[in-house]
Amino acid sequence: MIYRMMALNIDGSVVNENGKIAKETKEAIEYVQNKGVQVTLVTSRNFASARKVAKALKIDGPIITHGGSYIAEERDRPIYVRKVSENITYEITQFLEGFSSQIQLSHEKQSIVGKASNQSKMSSTLSWERDSRFLYSKQYVNVVSEHLLENPLAVPKISVLLEHREDLWDIVAALKGMYEEVDAIPTSDHTLDIVPKGVSKLRGLMYLSERLGIKKEQIVMVGAGVDDVDALRCCGLGVAMGEAPPEVKAHADWITRSQDLKGLPYFIMELFRKQHPIPFLKKMNVIRS
């Protein structure tokens, strides 16, 4: 199989726990781009954060952000955008505030972050600190729903960090029963993304690949989180990082090394070193434009 696109989740794949990108990772991504392979990011991060990662990797072209609800190369020129309406954003925020949690409303220009309960402060810091090196404008408020009363906002994604893991599936079930307009997607055993109905990393990736004329069989997807599973299963080659949870690895075609062992650049070089450059393959009519 000739692969024409490589899609990368950011956290756990490209960026490590310290918010850094290994030199070998940058070199490997440059290597595969020089072969004419389209590289994109598929992430639950906000666009501003993901775009800075893309620039550090010299990735040109659209990236898939906010869990699939915002696809763009430049912030003010999205090629695809879906948002949770102002009214539903307010209502869901009110509902989530009934749990011991921290809420973050992710807009493409800034985010609104609610005050964490005392019990969840430490876990919230650990969970979202990885994003701190690539921050965009954040506004911290005591009560998110009260802020929305005076400042209504439609957002691509609502994120919630829960103190009690057992609350997660109760919230998923409740939201499914209350709203047809959104999907609640667990991103770990204590975090949840709420996005417009039908939005996901996979659907965002399929939208972009179809726009570029690339078949799903020609896509390599690299992931490390539970919200990457659908894309790992659907693409031509699904690659799980070495430290990915067992439920992610179970759906991968290839399990590479951990980040500490340079799993991403190792995999890239192993897979693509034998593949001829895409322009050459087109010239030889091996693939069509």
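An account of the accompanying structure is given in this report. (Residues numbered from 1 in each chain as written. Predicted model: local features only at pLDDT ≥ 70, side-chain atom pairs only at ≥ 80, totals over all residues. Heavy atoms only, no water.)

What about the nonpolar core?
Counting 36 residues, the largest nonpolar core has Met6, Leu8, Leu41, Val220, Phe267, Ile268 and Phe272 as its most contacted members. When residues no more than four places from it in sequence are discounted, the contact partners of Ile268 are Met6, Ala28, Ile29, Val32 and Arg273. Ranked by size, the runner-up nonpolar core spans 22 residues in total, among them Leu105, Leu168, Ile171 and Ile194. (Core = buried A, V, L, I, M, F, W, Y, C linked by side-chain atoms within 4.5 Å. Buried < 20%, exposed > 50% of the residue type's maximum accessible area, 1.4 Å probe, protein only. Contact = heavy atoms within 4.5 Å.)

Topic: helix α3 (residues 86-96)
Buried residues of α3: Ile88, Thr89, Ile92, Thr93 and Leu96, and no others. For α3, the angular spread of buried residues about the axis comes to 135°, placing them on one side. (Helix = DSSP H or I, 4+ residues; strand = E, 2+ residues; numbered from the N terminus. Arc of directions from axis to C-beta.)

Some words on the sheet that holds strand β13 (residues 237-240)
Spatial ordering of the open sheet is given by β2-β1-β12-β13-β14, a layout of five strands whose pairing is parallel. A strand with exactly one partner marks an edge of an open sheet, and here the two such strands are β2 (38-41) and β14 (254-255). Bridge count for strand β1 (residues 5-8) against β2 is four bridges, and the pairing is parallel. Along β2, the bridge assignment pairs Ala7 with Thr40. Each of β1, β12 (219-223), β13 and β14 is contacted by helix α10 (residues 263-272), which is oriented at about 165° to β12, the strand it contacts most. (Pairing = 2+ DSSP bridges. Axes fitted to C-alpha atoms, helices over the stretch in contact; angles between N-to-C directions.)

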